[in-house]
Protein chains: 2
Amino acid sequence: MSSNTFRAEARSNRGLAEPSMAKQNTVFKDAFNRCLNLLAETSTLPSEPELGQVLGVSRTTVRAILTRCEELKLIIWDKRRKIVLRRPEPSDYFPTEETSSLAEIIERSFMRRILAGGAEPGMQINELELAREIGTGTTSVREFLIRFSRFGLIEKRPNSHWVLKGFTREFALELTEVREMFELRSAASFVSLPEDHPAWEELKTIEAVHREILADIDNRYREFSELDERFHLLVHKSSSNRFIIDFYDIIAIVFHYHYQWNKANSRERNARALEEHLAYIAALQSRDPKQVDQACRRHLKSARETLLQSIP
Amino acid sequence: MSSNTFRAEARSNRGLAEPSMAKQNTVFKDAFNRCLNLLAETSTLPSEPELGQVLGVSRTTVRAILTRCEELKLIIWDKRRKIVLRRPEPSDYFPTEETSSLAEIIERSFMRRILAGGAEPGMQINELELAREIGTGTTSVREFLIRFSRFGLIEKRPNSHWVLKGFTREFALELTEVREMFELRSAASFVSLPEDHPAWEELKTIEAVHREILADIDNRYREFSELDERFHLLVHKSSSNRFIIDFYDIIAIVFHYHYQWNKANSRERNARALEEHLAYIAALQSRDPKQVDQACRRHLKSARETLLQSIP
DNA sequence: AATTTGTCTTTTATCCACAATAGACAGAAT
DNA sequence: ATTCTGTCTATTGTGGATAAAAGACAAATT
């Protein structure tokens, strides 16, 4: 449960009695794992800067990865020559639990608590207690709470505790009210995107995935959640408004955890939503503002109902 | 320039070489100053809990205040008897610089930098440098930046620096787009507030202040900024939507610093805005949605133009 | 019986330290 | 002439310590 991970290798410059683990090397571990995937498909690795580009990390981390690959006899590394010696095995990978950043761990842990556990509105949130429970320092928890507060589910009493406002009916109604305003406006601006805007291509791709999932709905209905986010985010992005796009984070996180939490009838619900999406997509492709407005409203209405049904 | 304030008094339980100032007692100092004001008007102070209520602090702080008042021979304090001995003098007060919380200091300092100084979009923001310049620890600066990021003016690159997106034309347009959506909706819901809702009373008060300021516009036009915030916040609050109300924070902070920054023609601009507000208020009082919509649009349009004019 | 006070404990706000990570720059290799 | 590598420095992320502030509870007071 706790993520108080042990360090796999003893750092060279430090004897025993590891004093205080200032920072987890999750960036390194995650990038290392992703590098192993790359390594499975080539016989030679590119330059350090290029590798850094691909993995999204700095050269410092790339060199740490290469060092470890060498230690595990996965490659021979001599300056520019990086020759793959063998395919990576499952045991070469770091366990997945060690690759998520502290922020992710705290978020998951917190959401589980407030969605699953007894989360009465008005409850006090204690930074120290939360930190102990999750197994981290208070600073990280504090920063998480500050970031999370923009979702409107918690509120700070200065010099005192946080208050849980709760995932209530009012919350859902306020959220959907804004969501509907924003999405209707975004959808309307979608139709005036220039013909060669990449969003049209992405929309086509998304449409195709919808059809694929619908064709095998019994097995693949669980993939809807992710697709849903991808589609709505695309729509919101066409607003070109940072506040509208940022707001979509709130919707995404709420629906994300909501899907995990409330699985009743999800096959049917998802099938219905997929159909609505297809109608919505067709409307967008027609470029007819009236049709878009109608299809968008129809879908938002049923999305709101679904969300509300799941709240006691 | 720096706010690296010296501590006025040596704490009793600690000799010399103050080791690390974990927390500034600004809450105490500010509440103490406010207590002196109270003290100027009565001959006896209420109970500790009641005083805490009035000053908005805990009993612990109240007792620290009473102790200091006693030390300064401002009162005699014996259990429930708190008798005022003399009126407070200016020298009894803590200097104002010592009464603002660290968060306020950081905010002011930061806004001055990005609005006044060379604040080219794309500029990197360095936590350590900012902290040194302001004279605080990095943690406080970090937390400020996290909180501030919801205003859309800065953005974090994970594991790396913050990027200043800048107070640009795009920013202003995106901000006003959402503002207009929210305010139109809030204004529309204002008219359906029940007759006995306190907002109607507050609206009347606000209207009266408008007329007072207009009657003496040459001397009082500077009071507009604060009144503007009060009025629009009242409108937004009638939406009963936390996301809409929270968004008003962004508008408020932008306009707040904007007024400080751009003072050209402010007398005329404020006079015009006051007139528009009065028309807007009259429309709200008429309860006629059409009139409200028109008056609101007219004012929002000129507010947007004013904001845009001030951006290069 | 309800407050108020005295005392004590808990929690927050803030600083600092240090490992992980990013990033800069000169010299080496193509 | 560009790109890469070796080396070094700077900055972020996170845990821990501590004073300020909040808050709990029992005894005292009205």
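For clarity, every value in this text was computed on a predicted model and none was experimentally measured.

A. Examining the overall build of chain A more closely. Across its full length, chain A holds 13 helices and five strands. Principal-axis analysis of the C-alpha atoms gives chain A an extent of 65 × 50 × 35 Å. Expressed as a percentage of its 312 residues, the buried residues of chain A come to 23%. For chain A, contacts bridging at least 24 residues in sequence account for 66% of all contacts bridging at least 6.

B. Representation of the sheet that holds strand β3 (residues 124-125) of chain B. Residue and element names in this part refer to chain B. Reading across the sheet, the three strands line up as β3-β5-β4 and stay open at both edges, with antiparallel pairing between neighbours. What marks the edges here is a single partner per strand, and that holds for β3 and β4 (154-156). When β4 meets strand β5 (residues 162-164), the two strands line up antiparallel, connected through three bridges. When the bridges of β5 are listed, Ile154 appears paired with Leu164.

C. View of the protein's contact with DNA strand C. Around DNA strand C, the surrounding shell holds 47 residues, and the nearest of these are A:Ala22, A:Val27, A:Phe28, A:Thr60 and B:Gly137. The class makeup of the residues in the surface near DNA strand C is 11 nonpolar, 24 polar and 12 charged.

D. Seen up close, the interface of chain A and chain B. Taken together, the 18 residues of chain A in the interface contact 18 residues of chain B. Looking at the side of chain A that touches chain B, the elements with two or more residues in it are α6 (138-148), α7 (169-190) and α11 (242-261) of chain A. For the side of chain A that touches chain B, the element with the highest residue contribution is α7(A), accounting for five residues. Looking at the side of chain A that touches chain B residue by residue, the class counts come to seven nonpolar, four polar and seven charged.

E. Looking closely at the relation of the copies chain A and chain B. Superposing chain A onto chain B takes a rotation of 180 degrees combined with a translation of 0.0 Å along the rotation axis, leaving an RMSD of 0.3 Å. Here the symmetry operator amounts to a two-fold rotation axis. Of the interface residues in chain A, 100% have counterparts in chain B that sit at the interface too, so the contact is made through matching surfaces.

F. The arrangement of unusual backbone geometry in detail. Residue and element names in this part refer to chain B. We note that Ser240 has phi near 55 degrees; this positive angle belongs to a residue other than glycine. Relative to the elements of secondary structure, Ser240 occurs in the loop between α10 (224-237) and α11 (242-261). Even without glycine at this site, Asn265 takes up a positive phi of about 55 degrees. Checked against the element boundaries, Asn265 lands in the loop between α11 and α12 (266-286). Of the residues examined, Asn265 has 12 C-beta atoms within 10 Å and is grouped as exposed.

G. A look at the packing of helix α7 (residues 169-190) of chain B against helix α13 (residues 289-309) of chain B. All names here are of chain B. Where α7 meets α13, the axes come as close as 10 Å, and the angle between the chain directions of the two elements is 165 degrees. In terms of their interaxial angle, α7 and α13 are classed as roughly antiparallel. The element α7 and its partner α13 pack so that their crossing is right-handed. From α7, Arg169, Ala172, Thr176, Glu180, Glu183, Leu184, Ala187 and Ala188 reach across to α13, where they touch Pro289, Val292, Asp293, Cys296, Leu300, Arg304, Leu307 and Leu308. Its residues placed into classes, the contact of α7 with α13 shows 10 nonpolar, one polar and five charged.

H. Layout of the protein's contact with DNA strand D. DNA strand D sits among 46 residues. The nearest are A:Ala22, A:Gly137, B:Ala22, B:Asn25 and B:Val27. Mapped onto the surface near DNA strand D, the elements with two or more residues apiece are α2 (48-55), α4 (102-116) and α6 of chain A together with α1 (26-39), α3 (59-71) and α5 (127-134) of chain B. Grouping the constituent residues of the surface near DNA strand D by class yields 11 nonpolar, 24 polar and 11 charged.

I. Quick look at the domain arrangement of chain A. All names here are of chain A. Each assigned domain of chain A is listed here: domain 1 (26-97), domain 2 (102-164) and domain 3 (169-309). Using C-alpha coordinates to define each centre, domain 2 is positioned 29 Å away from domain 3. Taken together, the contacts link six residues of domain 2 with five residues of domain 3. In terms of residue class, the side of domain 2 that touches domain 3 is made up of five nonpolar, one polar and no charged.

J. Expanded view of the pairing of strand β2 (residues 81-84) of chain A. All names here are of chain A. Relative to β2, strand β1 (residues 75-78) runs antiparallel, the two being bridged by four bridges. Bridge pairing links Ile75 to Val84 in β2. In this antiparallel pair of consecutive strands, β1 and β2, the connection spans two residues, and Lys79 shows a positive phi of 55 degrees.

K. A look at the nonpolar core. Within the largest apolar cluster, 26 residues are counted, with the highest numbers of intra-cluster contacts made by A:Leu175, A:Val178, A:Phe247, B:Leu175, B:Val178 and B:Phe247. Contributing elements (two or more residues each) for this core: α7 and α11 of chain A together with α7 and α11 of chain B. In contact with B:Leu175, not counting residues within four places along its chain, are A:Phe243, B:Ile250, B:Ile251 and B:Val254.

L. Structural detail: the packing of helix α12 (residues 266-286) of chain A against helix α13 (residues 289-309) of chain A. Residue and element names in this part refer to chain A. At a minimum axis separation of 8 Å, α12 and α13 run at an interaxial angle of 160 degrees. The angle between the axes of α12 and α13 places the two elements in the roughly antiparallel class. Once α12 is placed against α13, the crossing between them reads as left-handed. Contacts from Arg269, Arg272, Glu276, His277, Ala279, Tyr280, Ala283, Leu284 and Ser286 in α12 reach Gln291, Val292, Ala295, Cys296, Arg298, His299, Ser302 and Thr306 in α13. Of the residues that constitute the contact of α12 with α13, the class distribution is seven nonpolar, six polar and four charged.

M. Broad picture of the environment of B:Glu201. All names here are of chain B. The residue Glu201 is located in helix α8 (residues 198-215) in this model. C-beta crowding within 10 Å serves as the criterion here: with 10 such atoms nearby, Glu201 is assigned to the exposed category. Distance in space between the C-alpha atoms of Glu201 and Thr44 is 34 Å, their sequence separation being 157 residues.

What counts as what
Residues numbered from 1 in each chain as written. Chains lettered and ligands numbered in written order. Predicted model: local features only at pLDDT ≥ 70, side-chain atom pairs only at ≥ 80, totals over all residues. Helix = DSSP H or I, 4+ residues; strand = E, 2+ residues; numbered from the N terminus. Buried ≥ 20, exposed ≤ 12 C-beta atoms within 10 Å, placed from the backbone. Contact = placed C-beta atoms within 7 Å. Pairing = 2+ DSSP bridges. Near = placed C-beta within 6 Å. Nonpolar A, V, L, I, M, F, W, Y, C, P; charged D, E, K, R; others polar. Least-squares fit on C-alpha atoms with pLDDT ≥ 70 in both. Axes fitted to C-alpha atoms, helices over the stretch in contact; angles between N-to-C directions. Parallel < 35°, antiparallel > 145°, perpendicular 65-115°, else oblique. Left-handed = near helix turned anticlockwise from the far one by under 90°. Domains from an automatic or database assignment. Core = buried A, V, L, I, M, F, W, Y, C linked by C-beta atoms within 7 Å.

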